[in-house]
Amino acid sequence: MAAIVLIGAQWGDEGKGKATDLLGEKLQWVVRYQGGNNAGHTVVLPNGETFALHLIPSGILTPGVNNVIGNGVVVDPGVLLTELSGLEDRDVDTTGLMISADAHLLMPYHVAIDKVTERFLGNKKIGTTGRGIGPCYQDKIARVGVRAADVLDEKIFAQKVEAALELKNQILVKIYNRRALEPAQVVDEVLTQAEGFKHRIANTQLLLNEALERGETVLLEGSQGTLLDVDHGTYPYVTSSNPTAGGAAVGSGIGPNKITTVLGILKAYTTRVGSGPFPTELFDEWGEYLAKTGGEVGVTTGRARRCGWFDAVIARYATRINGITDYFLTKLDVLSSLDRVPICVAYEVDGERVDEMPMTQTGFHHAKPVYEYMPGWWEDISQCKTFDDLPKTAQDYVLRLEELSGAHISCIGVGPGRDQTIVRRAII
Ligand code: GDP
Ligand code: IMO
Ligand code: MG
């Protein structure tokens, strides 16, 4: 019996898709437990074929794995169908995909409200992906959401949508000066879409617990990252769910005592998309170097990712908040050809050195990085297979990150491909 949680340890895009794919063959189940199609997870198969997953777990690309969209996910029906048909067009077997009956459906009005709210906020905007994620979770918490199981009873579904739209239309028309959405049209559209996924709706909480009882291995694939968590992230510049380890139990319906491993995914430097504080952000040629060498463009929105050096304060925080037992360090190859590699080991806040995340967001806004420098390496490391294959200075960089982060770095990515991974300690 083993449930493994896989979590982004920074601001997302750490390489969760690649890590899920690497573990794929040893898994029976992969579960998304929060977020929605704000995520963009890249998997590069051994034959070089590249896939970008948004709503569907990355385990879909490993034959024989059961994939679950858990109760904690918000599901845009149109996106789900498009993603499914995109995979099927490329001969991916999607029959094993299930959707929790309790997952909330992301409706057209959520997308509309996300977009107008961001426009309204102007330069104070969150920089969301515009996919309706925040408004859908708002409805869930306000107890006016629509869940996957609701499409199984058309009358109940129509009642819920009509009730929700009464208020949404007031907001759209009276506050934002937009056009009202026609309830009958929304009901019709989503019920038509539901014909394409109704058969996948299941009691996934029960199925997962039964699988764990049978001794099967379940990977809980987080989206976004620790610093985007609505409780533990850089609030309000966060997403509206809990990517952190605690969210995995809630969003999948398994007990926390079933989780045996918490795998943090950590980029060898830092990136962020959207607004919000980012102490090690670079605005010089090094920022451009990381963006270009690392190909740092958003998988979902195509936005340029902000880039900066590795931040050990954040990593330490992620280790603690999630109870991380192992790290998968990705993109070490991107740092080849630097004379020296800076690591942010602490912050200076209002003239004082601070070794841990400041208690307040104001403190974090004012945090200036305190750097230490490690000697760099110039060799191409993309074909290295073992830790000993790495240049000594690259090994030292990894060991220093491990020491500062407070958890064992068990896997190291040296390229986007599945094989471009050094395994120091097997996760499963
Ligand atoms: P996710 O959202 O955490 O799954 O990450 P994304 O897919 O948004 O972004 C990670 C990017 O880095 C993708 O383009 C991956 O193919 C790529 N990637 C992952 N691991 C490595 C690595 O070790 N080296 C390099 N060069 N690229 C990697
Ligand atoms: P993966 O799973 C990086 C960011 C957005 C924005 C904030 C809120 O690929 O790592 P939202 O649309 O969720 O309300 O936007 O969160 N964001 C991500 N950044 N990777 C992601 O997903 C993200 N999902 C959301 O850019 O700053
Ligand atoms: Mg991503």
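Up top is the structure these notes are about.
Residues numbered from 1 in each chain as written. Chains lettered and ligands numbered in written order. Predicted model: local features only at pLDDT ≥ 70, side-chain atom pairs only at ≥ 80, totals over all residues. Heavy atoms only, no water.

This part takes up the coordination of the magnesium ion (ligand 3). Note on the magnesium ion (ligand 3): its protein donors are Asp13 (OD) and Gly40 (O). The metal-donor distances range over 2.1 to 2.2 Å. Of the two residues, Asp13 is situated in the loop between β1 (2-8) and α1 (16-23) and Gly40 in the loop between β2 (29-32) and β3 (41-44); the sequence distance between them amounts to 27 residues. (Donors = N, O, S within 2.8 Å, 3.2 Å for Na, K, Ca; no water. Helix = DSSP H or I, 4+ residues; strand = E, 2+ residues; numbered from the N terminus.)

Turning our eyes to something else, we now look at the site of ligand 2. Close contacts around ligand 2 come from 20 residues, with Lys16, His41, Thr129, Gln224 and Thr239 the closest. Note that an oxygen atom of ligand 2 is positioned 2.8 Å from one of the backbone N or O atoms of Asp13. One of the side-chain N or O atoms of Arg303 is found 2.9 Å from an oxygen atom in ligand 2. Relative to its unbound accessible surface of 550 Å², ligand 2 loses 97% to contact with the protein. In terms of residue class, the shell around ligand 2 is built from six nonpolar, eleven polar and three charged. (Near = heavy atom within 4 Å. Polar contact = N/O pair within 3.5 Å; in protein donor to acceptor, adjacent residues only side chain to side chain. Areas by Shrake-Rupley, 256 points an atom, 1.4 Å probe, with all protein chains shown as cover. Nonpolar A, V, L, I, M, F, W, Y, C, P; charged D, E, K, R; others polar.)

One can find His104 in strand β8 (residues 104-105). According to the relative accessible area criterion, His104 is buried, its value standing at 8%. Residues in contact with His104, not counting those within four places in the same chain, are Asn71, Val73, Val74, Val75, Cys136, Lys140, Gly145, Val146 and Arg147. (Buried < 20%, exposed > 50% of the residue type's maximum accessible area, 1.4 Å probe, protein only. Contact = heavy atoms within 4.5 Å.)

All right, on to the pairing of strand β4 (residues 50-53) then. The alternating pattern of β4 places Phe51 and Leu53 on a buried face and Thr50 and Ala52 on a face that is not buried. Alignment of β3 against β4, held across four bridges, turns out to be antiparallel. The residue bridging Thr42 from the neighbouring strand is Ala52, located in β4. The hairpin formed by β3 and β4 contains five residues between the paired strands, and Gly48 there has a positive phi angle of roughly 90 degrees. (Pairing = 2+ DSSP bridges.)

What follows covers the layout of surface pockets. Taken as a whole, the second largest pocket spans an internal volume of roughly 460 Å³. Considering the residues around the second largest pocket, the lining is formed by 25 residues, among which Gly15, Thr42, Arg305, Lys331 and Pro416 are closest to the centre. Every element with two or more residues in the lining of the second largest pocket is listed here: α1 and β3. (1 Å grid on protein atoms, 1.4 Å probe; cavity = no way out; pocket = protein on both sides within 12 Å on 5 of 7 lines; lining within 4 Å. Points joined across faces, edges and corners; volume = space filled by probe spheres on them.)

Among the seven residues in β1, seven count as buried, and that is most of the element. Of the two faces of β1, the one lined by Ala2, Ile4, Leu6 and Gly8 and the one lined by Ala3, Val5 and Ile7 are each fully buried. Looking at chain direction, β1 and strand β10 (residues 217-221) are connected through five bridges and run parallel. Residue pairing in the sheet places Ala3 in a bridge with Val218 of β10.

Attention now moves to the environment of Glu221. The residue Glu221 is located in strand β10 in this model. Among the residues examined, Glu221 registers a relative accessible area of 0% and is labelled buried. Each C-alpha atom of the pair Glu221 and Arg200 lies 19 Å from the other, and the pair is 21 residues apart in sequence. Sequence-distant contacts of Glu221, that is, excluding residues within four places in its chain, are made with Leu6, Lys16, Gly17, Thr20, Val30, Val31, Arg32, Tyr33, His41, Pro57, Ser58 and Gly59.

Coordinates in, geometry out; function isn't part of it.
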